[in-house]
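Here is what each chain is made of, one letter per residue.
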Amino acid sequence: MYSTQFLKLAYVQKAFQVTLIPSHSQKILINKTIGCTRFVYNHFLALRKELYSAEQKTLNYNACSQQLTLLKKEIEWLKVVDKFALQNSLKNLEAAYKNFFTDLKKAKNKKGVGFPKFKKKHRCKQSYKTNFTNGNIQVIENRLKLPKLGWVKFHKSQQISGKLVNVTVTLTNTGKYIATILCETEIEKHPQVTKNIGLDLGIKSYLVTSDGEVVNNPKYYRTQKRKLRKAHKKLSRSVKGSSNRVKARIKLAHTYERITNLRNDFLHKLSTRLIKENTIICIEDLRVGNMLKNHKLAMSISDSAALASLRASASWSKFVTMLEYKANWHDRVLQKVGTFYPSSQTCNCCGFINPLVKDLKLREWSCPSCSSYNLRDVNASLNILDEGLRILTAAVGIPDALNACGEIVSPGVIQAEIVEAGITRLEVV
Ligand SMILES: [Zn+2]
C-alpha cells in the first residue's frame, strides 16, 4: 500500500535571499529605518527595566504599541520610516523578554541567564522586518517594492514564487544590503523511500552514516584559514581611526562572509540529500551538555581539534535545524537519541558495552564478547539508528515489530506505521 507514488505537494514557508541594489537615497532610508528600530527597542527596554526595578507591572507588547503611537507624535523622524519595522522591533523585544523568563524558569543556576540587552550600532545584527498587507510589498522581475522605499532593484539569482509573508532587510558587515523574502509556497514532496539512516556527528569527519559513508569536513575552512589569518593581522596592525583600518575591517568581514556562504551551501546540499534518500533519520540530541562533552573530548586530543569542535557545534545546530524543517516538508521523521545513550561503546552486533571505547583515540575495536570488528563511528551510527527506531516503535506501539528481547524485527512496518500516524518527531526518552 506504500508502493504507489503520487507526486504530492506541500504548502510551506520558504525564504528567498537576494542582494539589493539600492540607490543612494534608498540606502540612507534603510540605514535610518534600522536606526529607528534600534531606538524604539532601546527606548522601550529602558522603560520596562525602569518599571521592573520599581516593581511595578511591566509593559507588555500592547501597552508598548500604544505608547509608540504617542511617541511618534512627539518624535518627528520616527514617522519617516516604515511603521511595520517599528512594530516588529517591539515584537522582538517582547520575544526577548519571553525567552528570558522561560530560560529563568528552566535554569538551576540563575547566573548564566541573560537579561535582554540594549542594541548597539556596532556588533549587533543590523536589520529590520516589514510585513505584507494590501500589496505594500511586491516582486516584479528583478525589482522589489518595499514600504516607504518604493522599488528597489536586486540581483536575480532564483525564481521567487508564492504568497508574500514578510521581508527582512539586512545591512551586512561588508556593506551589502540583503533582502530575505519569506513566501508561502508549494513544493513538490520527495517520493516515498524505504531506507532509514543513523548519523554520528563527529569531530574528525563531519558525519558518518550507518551505511558506512564518511562525509568529511569541507576543505573550505583550511583554504580560507590562511586568508583569515592575513586579514586579522592586517586589521590589528592598522592605526585606529585610519582609512586603512576601515578597509582592513571590510576585508576581514568579506572573508568571514565567504566562509559562512560556503558552509551554508555545504549544509543545504547534505541535508537535502539525506532527507531525499531516507524516511527515518536518527541523530544524537545536540543539547548544550552534549556539545560541551564533545569539546572536552576534543580538547583531550589537541588544541586544533578543540577549535574545530567549537566551530563544528555551531554548524551542527544549523544542520539539525535544516534537517528538522526539511523533514517536515517531505514527511520524513527526524528522531533524536538521548545524550546518555552509549552509542560509541555499545557493540552493534551483540549489545556488549565496552568501557575501553571511551578513549577517543580508539578508532576501531574488536568486541570481547562476540569478536566482531567495529569501526568506531559506523558502529555508533548503527546504534543511533537502532535506538531511534526503538524509541519510535515504543511510542507507536507495534507489538509485531519487536521480538522478545526488544530488538527490531521489521523496520519497514515501523516506518509505515509512523508515517501513517503522522508522527514527525518524538521527545527523547
Ligand atoms: Zn559484540
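Computed from a prediction, not measured in an experiment: that's the story for all the values here. (Residues numbered from 1 in each chain as written. Predicted model: local features only at pLDDT ≥ 70, side-chain atom pairs only at ≥ 80, totals over all residues. Heavy atoms only, no water.)

### Section: the pattern of salt bridges
For the coordinates displayed, the defined rule picks out twelve salt bridges. Its salt-bridge partner being Glu277, residue Arg273 comes within 3.5 Å of it at the nearest N-O pair. On the criterion of helical spacing, the pair formed by Arg273 and Glu277 is a turn pair, its members being four residues apart in helix 5 (residues 243-277). Classification of Arg273 as partly exposed rests on a relative accessible area of 28%. (Salt bridge = Lys/Arg side-chain N within 4 Å of Asp/Glu carboxyl O. Helix = DSSP H or I, 4+ residues; strand = E, 2+ residues; numbered from the N terminus. Buried < 20%, exposed > 50% of the residue type's maximum accessible area, 1.4 Å probe, protein only.)

### A word on the pairing of strand 11 (residues 280-284)
For strand 11, the buried fraction is high: five of the five residues fall into the buried class. Of the two faces of strand 11, both are covered, the one formed by Ile280, Cys282 and Glu284 as well as the one formed by Ile281 and Ile283. Pairing of strand 8 (residues 196-201) with strand 11 involves three bridges; the strand directions are parallel. In the strand pairing of strand 11, Ile197 is matched with Ile281. With five bridges joining them, strand 11 and strand 12 (residues 333-337) adopt parallel strand pairing. Within strand 12, the residue paired with Ile283 across the bridge is Lys336. (Pairing = 2+ DSSP bridges.)

### Overview of the packing of aromatic side chains
Here the structure, examined in full by the defined rule, presents eight aromatic pairs. Taking 5.1 Å as the distance between ring centres and 55° as the angle between the ring planes, the aromatic pair formed by Phe100 and Phe101 counts as tilted. The class of Phe100 is buried, set by a relative accessible area of 8%. Ring centres of Tyr325 and Trp329 lie 5.1 Å apart, and the angle between their planes is 55°; on these two criteria the pair is classed as tilted. With Tyr325 and Trp329 both in helix 7 (residues 303-329) and four residues apart, the pair spans about one turn of that helix. Looking at Tyr325, the relative accessible area reads 30%, which means it is partly exposed. Grouped by ring-pair contacts, the aromatic residues Tyr97, Phe100, Phe101 and Phe115 constitute a single cluster. In this arrangement the basic side chain of Arg48 is found over the ring face of Tyr97, its NZ or CZ atom lying 3.9 Å from the centre. Across from the ring centre of Trp151, 4.6 Å away, lies the NZ or CZ of Arg143, which sits over that ring. (Phe/Tyr/Trp six-rings, centres within 6.5 Å; stacked < 30°, edge-to-face > 60°. Lys NZ or Arg CZ within 6 Å of the ring centre and 35° of its normal.)

### Some points on the packing of helix 2 (residues 61-74) against helix 3 (residues 83-106)
Closest axis-to-axis distance for the helix 2/helix 3 pair is 10 Å, and the angle between their directions is 145°. Judged by the twist between their axes, the crossing of helix 2 over helix 3 is right-handed. Note on element contacts: helix 3 touches helix 2 through Lys83, Leu86, Gln87, Leu90, Lys91 and Glu94, opposite Tyr61, Cys64, Ser65, Leu68 and Lys72. Here the residues of the contact of helix 2 with helix 3 are counted per class, giving five nonpolar, two polar and four charged. (Axes fitted to C-alpha atoms, helices over the stretch in contact; angles between N-to-C directions. Left-handed = near helix turned anticlockwise from the far one by under 90°. Contact = heavy atoms within 4.5 Å. Nonpolar A, V, L, I, M, F, W, Y, C, P; charged D, E, K, R; others polar.)

### Some details on the coordination of the zinc ion
Only Cys347 (SG), Cys350 (SG), Cys367 (SG) and Cys370 (SG) from the protein reach the zinc ion as donors, at distances of 2.3 to 2.4 Å. Relative to the metal, the four donor atoms surrounding the zinc ion lie at angles of 106 to 115°, and the coordination shape comes out tetrahedral. Site description for the zinc ion: donor spacing in sequence, C-x2-C-x16-C-x2-C. Placement of Cys347 in the loop between strand 12 and strand 13 (364-366) and of Cys370 in the loop between strand 13 and strand 14 (373-375) is noted, with a sequence separation of 23 residues between them. Given the relative accessible area of 1%, Cys347 is considered buried. Its relative accessible area of 30% is what places Cys370 among the partly exposed residues. (Donors = N, O, S within 2.8 Å, 3.2 Å for Na, K, Ca; no water. Tetrahedral: all angles 85-135°; square planar, octahedral: opposite > 155°, others 65-115°.)

### A closer look at helix 8 (residues 376-396)
Note on helix geometry: an α-helix contains 3.6 residues per turn, so any two residues three or four positions apart are oriented the same way. The end-to-end C-alpha distance of helix 8, which contains 21 residues, comes to 30 Å, matching closely the 30 Å that a straight helix rising 1.5 Å per residue would cover. Of all 21 residues that make up helix 8, 15 are buried, and the element is covered over most of its length. (Expected span 1.5 Å × (residues − 1).)

### Here we look at the pairing of strand 5 (residues 150-155)
With three bridges joining them, strand 1 (residues 9-21) and strand 5 adopt antiparallel strand pairing. Bridge pairing in strand 5 links Leu20 to Phe154. When strand 4 (residues 143-146) meets strand 5, the two strands line up antiparallel, connected through four bridges. Across the sheet, residue Leu144 finds its bridge partner in strand 5, namely Val152.

### With respect to the nonpolar core
Of all hydrophobic cores here, the largest spans 40 residues; its most connected members are Leu20, Phe44, Leu144, Val167 and Ile181. Every element with two or more residues in this core is listed here: strand 1, helix 1 (24-53), helix 2, helix 3, strand 4, strand 5, strand 6 (163-171) and strand 7 (177-188). The biggest single contributor to this core is helix 1, with nine residues. Sequence-distant contacts of Leu20, defined by excluding residues within four places in its chain, comprise Leu144, Val152, Lys153, Phe154, Val169, Tyr177 and Ala179. Judged by nonpolar contacts, the second largest core, of 28 residues, contains Leu201, Ala231, Phe266 and Leu274. (Core = buried A, V, L, I, M, F, W, Y, C linked by side-chain atoms within 4.5 Å.)

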